[in-house]
Amino acid sequence: MLKLLLLFLLGGCSLLISKIDSSVVDEKDYLKNVPEVPTYCPINQKARIQLINTNAHSQQIYQGLIDRLPGMDFLDHFALWTLLQQSVRPDQSSPTSRFQVILKIEGKSHYLDFYSESQEDQLPLLFGIDWILKKFKKKTSLEYYARILDGQGLKLRAGKNLELFLQANLEKIRNHEVLGPYFVRGTEVLKENERVPKLNFSEIISYYRKRESKQKVIVNTSLTNFVTESGQKGSCNYDFNLYDNSIFLIDQVIPVANLFGLSIDDRAFMASTSQKLEELKPVANFPVFYGQSKVRSSAVCVIENEQDLIWTFSNFSRDPGQHLFHLIRYGLARSKTTDEVDKLIRHSRHLFLSDPVRLVIESGRSRTDQIENLLKLNLPIYNAEKLGNIWAFTSFQDHSRFIVDDRNVGAYTCK
């Protein structure tokens with residue numbers, strides 16, 4: 001359940017924020033403690049085709065698939081790469097998952113969010129892929145893409161995030177008559193780089209078709225506009241007017257999601273899939289996990305100024321919208337290069353929490369003067385090694401790039 005935190009009750013909320021938030025693009029020392037981990041393809045490197053998710057091996061496999069299917073266009077690869085995530089992240093990219101996606105087509109961003117408030121037989125991920133293909137007049141079907149994936153004999157391996165999920169749920173999975181044989185080897189669950197169960201995509205689509213008429217999936221396309229004090233504009237799926245009035249939406253838990261994307265030439269998409277796993281069980285007898293799609297969404301922002309474009313996805317936080325709100329205050333909408341966006345994502349983060357009211361900050365990434373100012377405040381302050389997870393897509397002038405967050409597992413390839 002979400003909780004509203006009204007910081008005005010503390011008094012001097014504007015003072016609190018002003019001591020933390022400031023433009024950081026021109027700072028010389030704010031990255032002194034940040035690891036120098038590459039987070040996007042070099043600008044001087046060819047990048048006609050880019051892939052992003054948390055599983056580097058799956059990207060290598062898919063790059064090989066691209067080479068074997070030279071006639072495929074952007075929407076073909078949107079469908080294939082999205083369907084493939086079910087094997088890569090069966091916990092968070094299941095047919096039952098919430099599906100948030102932004103697509104760049106003909107130079108315009110299209111935001112779509114698919115989820116259901118119903119409890120049974122709802123498959124928003126598959127519904128969403130199908131809906132998008134029809135919206136953009138694609139004549140091919142889900143069955144067509146399923147046959148391609150089934151016919152390739154793809155040998156995918158588990159990534160680190162899937163391993164961590166399986167380890168956290170070892171006992172429940174090991175004792176499950178369907179899930180156990182898929183994900184347990186001896187007494188241990190699958191480890192990173194071990195082969196994941198083969199998924200029959202055609203059977204998954206057939207399962208969906210039998211339930212297609214029962215789908216009660218909500219399709220949300222709305223974003224809320226914002227305008228910064230210096231006039232930059234953008235839109236987000238969280239209402240920043242609440243944050244401007246120091247009202248934050250704080251969850252009791254840290255929701256997780258699978259982020260992924262693909263770009264080809266001047267077209268791109270970036271997506272988040274997520275679900276609540278109240279109990280561990282499969283979708284039918286497939287090696288994917290059944291969940292509820294009515295779950296806290298990833299925070300998403302779209303900034304389009306003339307020919308410049310920035311998308312941001314924020315997750316893995318009790319209030320993912322706070323982090324994007326702070327990025328906007330830091331000057332995200334003024335960014336003119338991928339490097340500037342990357343530096344903002346690497347910058348120290350903070351989070352206001354309640355019960356009790358407190359401030360959590362990444363002190364290891366903070367400037368000395370910022371920490372000294374915070375210590376003067378009448379507010380409990382706690383350190384965190386890392387807060388949240390923000391990925392981005394940028395398009396500036398003659399190039400575009402995906403950016404991953406150095407705090408967490410993330411992989412990208414370009415070709």
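On a predicted model such as this, the values are computed, not experimentally measured, just so you know. (Residues numbered from 1 in each chain as written. Predicted model: local features only at pLDDT ≥ 70, side-chain atom pairs only at ≥ 80, totals over all residues. Heavy atoms only, no water.)

1. Quick look at the packing of aromatic side chains
- Taken as a whole, this structure holds 21 aromatic pairs when the rule is applied.
- Three or more aromatic residues joined by ring pairs make a cluster, and in this case those are Phe-74, Phe-78, Phe-99, Phe-114, Phe-127, Trp-131, Phe-260 and Phe-269.
- Directly above the aromatic system of Tyr-115 lies the positively charged group of Arg-98, at a separation of 4.2 Å from the ring centroid. (Phe/Tyr/Trp six-rings, centres within 6.5 Å; stacked < 30°, edge-to-face > 60°. Lys NZ or Arg CZ within 6 Å of the ring centre and 35° of its normal.)

2. Remarks on the nonpolar core
- Counting residues in hydrophobic clusters, the biggest one holds 66 residues, and the most contacted among them are Phe-78, Phe-99, Val-101 and Phe-269.
- In terms of residue count, helix H3 (residues 74-88) provides more of this core than any other element does, eight residues in total.
- Ranked by size, the runner-up nonpolar core spans 38 residues in total, among them Phe-226, Leu-379, Ala-384 and Ile-390. (Core = buried A, V, L, I, M, F, W, Y, C linked by side-chain atoms within 4.5 Å. Buried < 20%, exposed > 50% of the residue type's maximum accessible area, 1.4 Å probe, protein only. Helix = DSSP H or I, 4+ residues; strand = E, 2+ residues; numbered from the N terminus.)

3. Let's talk about unusual backbone geometry
- Here the residue pair Asp-355 and Pro-356 is connected by a cis peptide bond, since its omega of 0 degrees sits within 30 degrees of zero.
- By secondary structure assignment, the location of Pro-356 is in the loop between strand E15 (350-353) and strand E16 (358-361).
- Positioned with a positive phi, Asn-193 is a non-glycine residue whose angle comes to about 75 degrees.
- Looking at the secondary structure, you find Asn-193 in the loop between strand E6 (188-189) and helix H9 (201-211).
- Asn-193 gets classed as partly exposed once you look at its relative accessible area, which sits at 48%.
- Of note, the phi angle at Asp-355 is positive, near 55 degrees, even though the residue is not glycine.

4. Re the sheet that holds E15
- One open sheet accounts for three strands, arranged E15-E16-E17; its pairing is mixed. Both outer strands of the open sheet, E15 and strand E17 (381-383), are each paired with one neighbouring strand and no more. Geometrically, the sheet is characterised by an average inter-axis angle of 25 degrees between neighbouring strands, direction not taken into account.
- The pairing of E15 with E16 spans four bridges and is antiparallel. Within the sheet, the bridge partner assigned to Leu-351 lies in E16 and is Val-360. (Pairing = 2+ DSSP bridges. Axes fitted to C-alpha atoms, helices over the stretch in contact; angles between N-to-C directions.)

5. A closer look at the state of the cysteines
- A full pass over the atoms with the stated rule returns two disulfides.
- Each disulfide pairs two cysteine sulfurs, and for Cys-41 the partner residue is Cys-414, the sulfurs being separated by 2.3 Å. Disulfide Cys-41 to Cys-414: torsion about the S-S bond roughly -115 degrees, handedness left-handed. One end of the pair, Cys-41, is in the loop between helix H1 (13-20) and strand E2 (49-53); the other, Cys-414, is in strand E20 (residues 411-414), with 373 residues separating them in the sequence. For the residue pair Cys-41 and Cys-414, the accessibility class agrees, reading buried in each case.
- Note that Cys-236 is cross-linked by a disulfide to Cys-301, the S-S spacing being 2.0 Å. (Disulfide = S-S within 2.5 Å.)

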